[in-house]
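For reference, the chains in residue letters:
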Amino acid sequence: MSSVLETRKLCKSFGALVVAQNIDFRLEPGARHALIGPNGAGKTTFVNMLMGALAPTSGNIFLNNEDVTRTPQAARVRRGLGRTFQVTSLFRSLPLLDNVALGIAERERTATRMWKPASRHQEIKDEAMHHLAALGLADDAAMRVTDLPYGKQRLVEIAIALGLRPKVLLLDEPAAGVPSAESERILQNLEKLPSEIAILIIEHDMDLVFRFARRITVLVQGVVLVEGTPDEIARDKRVHDVYLGEAHA
Amino acid sequence: MSGYSADPRIRWTEWLPWVAAGAFFFLLPEYLSLGARILIFILFALSLDLILGYAGIITLGHSAFFGLGAYTAGALGAHTAITDPLAQLAAAAALSALLGLATGAVILRTRALTLLMLTLAITAILLEIANKWTGMTGGADGLAGVKVGAILGWFRFDLYGRTAFLYCLLTLFIGWWVVRRIIYSPYGAMLTGIRENTTRMHAVGAPVYWRLVLIYTISATMAGIAGALLTQVNQFVGLNVLGLEPSGDVLVMLILGGVGRLYGAFIGPVVYLIAQDYLAKQYPEYWYFGIGALLIVVVLFARGGILGLTDRMISLLRKR
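Computed from a predicted structure; not experimentally measured.

Attention now goes to unusual backbone geometry. Although it is not a glycine, Leu152 of chain B sits at a positive phi angle of roughly 55°. Owing to 9 C-beta atoms within 10 Å, Leu152 of chain B belongs among the exposed residues under this scheme.

See the structure below:
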């Protein structure tokens, strides 16, 4: 059976601190997979290793069954791996259109063109508008990021990722820091994402996780505690003890 | 403002510097040598703005390329039969580009203070080489007797500096045109992206390091051409084109004018060099004091330089 993203015995330690220990993980095509775990479980570290922003201490990462453990981040993105950031990481003083267009230009390999003005690359701008419109941001395209409320900034993160036309999308807490009314809107947008994109979502909002994900992996102190369907996870005693129990106590 | 949302057409205000330069040529013929010097430093500041203002590369060593260009033209003119000014410019551009590529490929893997120190070290090394290699550079005495032929075999450098001024003006115009194209291009927009958020640029698949090496090389080439112009106009080159001092001077000029706004590189050298010229005549011992005071005032009260201040004044007037 094929996987779009896979890790084998992935390990990472910072000195004596072990943040990932023998993580075996598979993401199926078109997956809606959630990675949950208490604070400090190593979830963001795991995403950073998948992306290539952080090198693992040992173990291997496979993207479309090719070993990409030593492949730089830029090359992984070109092979269809996209991400959003837990803490919004945008081009703050640039208009939304530019935020999305910069990524599209990288995908289209037009980002190093030096002569024709950027604003005359109509096909890039059209696509950027298309992604913004899909997330309900068409009216804000000319606004600078700093002039937008945080909830909308979270959506720009997703718009940029979509502009890369990823086959695999890593969403690092897409609803972090937004009020619950806005998080509902983010969930609605996530549910509209094309079904052929395999999605791994990290999220603390359990309501969102159980509505969105069809599989859930629980990570505790760098170790995979259990993996299963939302029902199995909800009934799992160990998960309640280390994670849900603590959260609902 | 550049990028995908910008209007790339040239606004009428963008022609003002060229109108001013034309007026300068006809109205102030006795100041043409100062004028040529200003034009050269505008080109130098423009090259710095590309990497500092747009790509966000912080440097105290930009004089390495300016100096290499200056000495390349000087050595050719003094030691060889290559006196054609355009050939000298081309040689200076090529060597500066090579140095930019070679040093950029090493130091652009680092950031912030490390990068700052490495850029400074490179120009300090070149300064020491120029100081010691007297046979080639004339050492501390400088290299006099640099022969520069007629441009295209036709336009001789005259005693009044008319040819020199127009030659510098034309070179600057081409440099400005190229820089403006780059800034408004997808590549320029991408550089702004790197400056704004490098992490995000990595995450959308940009090989950031190579992109920086490329703009560093382009900027080095321009700085080298500016240095060669200085030698050709003076028919002399001395150690003051290398090391911390000229790097600092051009940085101060750019900050005075406004970083990352293209025309800051025009305003800064004009103000700096005219103030220097005036102060040096009035107070030969204390003229740096005046420059220092000017810089403090601008940094404290006019963030974004003189152009930033102008922007704010215009928007205040519009609100009324």
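Attention now moves to the sheet that holds strand β8 (residues 198-202) of chain A. Residue and element names in this part refer to chain A. Strand order in the open sheet formed by six strands is β6-β7-β8-β3-β9-β10, with mixed pairing between adjacent strands. At either end of the open sheet lies a strand with only one pairing partner, and these are β6 (81-84) and β10 (223-228). Neighbour-to-neighbour, the strand axes of this sheet turn through a mean angle of 20°, independent of strand direction. Across four bridges, the pairing between strand β3 (residues 32-36) and β8 is parallel. Within the sheet, the bridge partner assigned to Arg32 lies in β8 and is Ile199. Running at roughly 150° to strand β7 (residues 168-172), helix α1 (residues 43-51) makes contact with β3, β6, β7, β8 and β9 (215-220) of the sheet.

Residue and element names in this part refer to chain A. Here strand β1 (residues 5-14) runs beside strand β4 (residues 58-63); their pairing, made up of five bridges, is antiparallel. What sits directly across from Leu5, in β4, is Leu63. With two bridges connecting them, β4 and strand β5 (residues 66-67) associate as antiparallel partners. Across the sheet, residue Leu63 finds its bridge partner in β5, namely Glu66. The antiparallel hairpin formed by β4 and β5 contains two residues in its connecting segment, where Asn64 sits at a positive phi of about 50°.

Time to look at the interface of chain A and chain B. If you look at the interface, chain A gives 39 residues, while chain B gives 26 residues. Every element with two or more residues in the side of chain A that touches chain B is listed here: α2 (73-78), α3 (96-107) and α4 (122-134) of chain A. Among the residues making up the side of chain A that touches chain B, the classes are represented as 21 nonpolar, eight polar and ten charged.

To continue, consider the pairing of β10 of chain A. Residues and elements named next belong to chain A. Bridging between β9 and β10 involves five bridges; their strand directions are antiparallel. In the sheet register, Thr217 faces β10, and the bridge partner there is Glu227. Hairpin remark: β9 followed by β10, antiparallel, with two residues in the connecting loop; positive phi at Gln221, about 45°.

Our focus in this paragraph is the environment of Asp241 of chain A. All names here are of chain A. On the secondary structure map, Asp241 appears in helix α9 (residues 237-248). Judged by the 12 C-beta atoms lying within 10 Å of it, Asp241 is exposed. In sequence terms Asp241 and Gly40 are 201 residues apart; their C-alpha atoms lie 16 Å from each other.

Our next topic: the confidence of the model for chain B. In the predicted model, chain B carries a mean pLDDT of 94, and the fraction of residues at 70 or more is 100%. Among the prediction metrics, the complex's ipTM stands at 0.88, with pTM recorded as 0.91.

Thresholds applied
Residues numbered from 1 in each chain as written. Chains lettered and ligands numbered in written order. Predicted model: local features only at pLDDT ≥ 70, side-chain atom pairs only at ≥ 80, totals over all residues. Buried ≥ 20, exposed ≤ 12 C-beta atoms within 10 Å, placed from the backbone. Pairing = 2+ DSSP bridges. Helix = DSSP H or I, 4+ residues; strand = E, 2+ residues; numbered from the N terminus. Axes fitted to C-alpha atoms, helices over the stretch in contact; angles between N-to-C directions. Contact = placed C-beta atoms within 7 Å. Nonpolar A, V, L, I, M, F, W, Y, C, P; charged D, E, K, R; others polar. pLDDT = per-residue confidence, 0-100.

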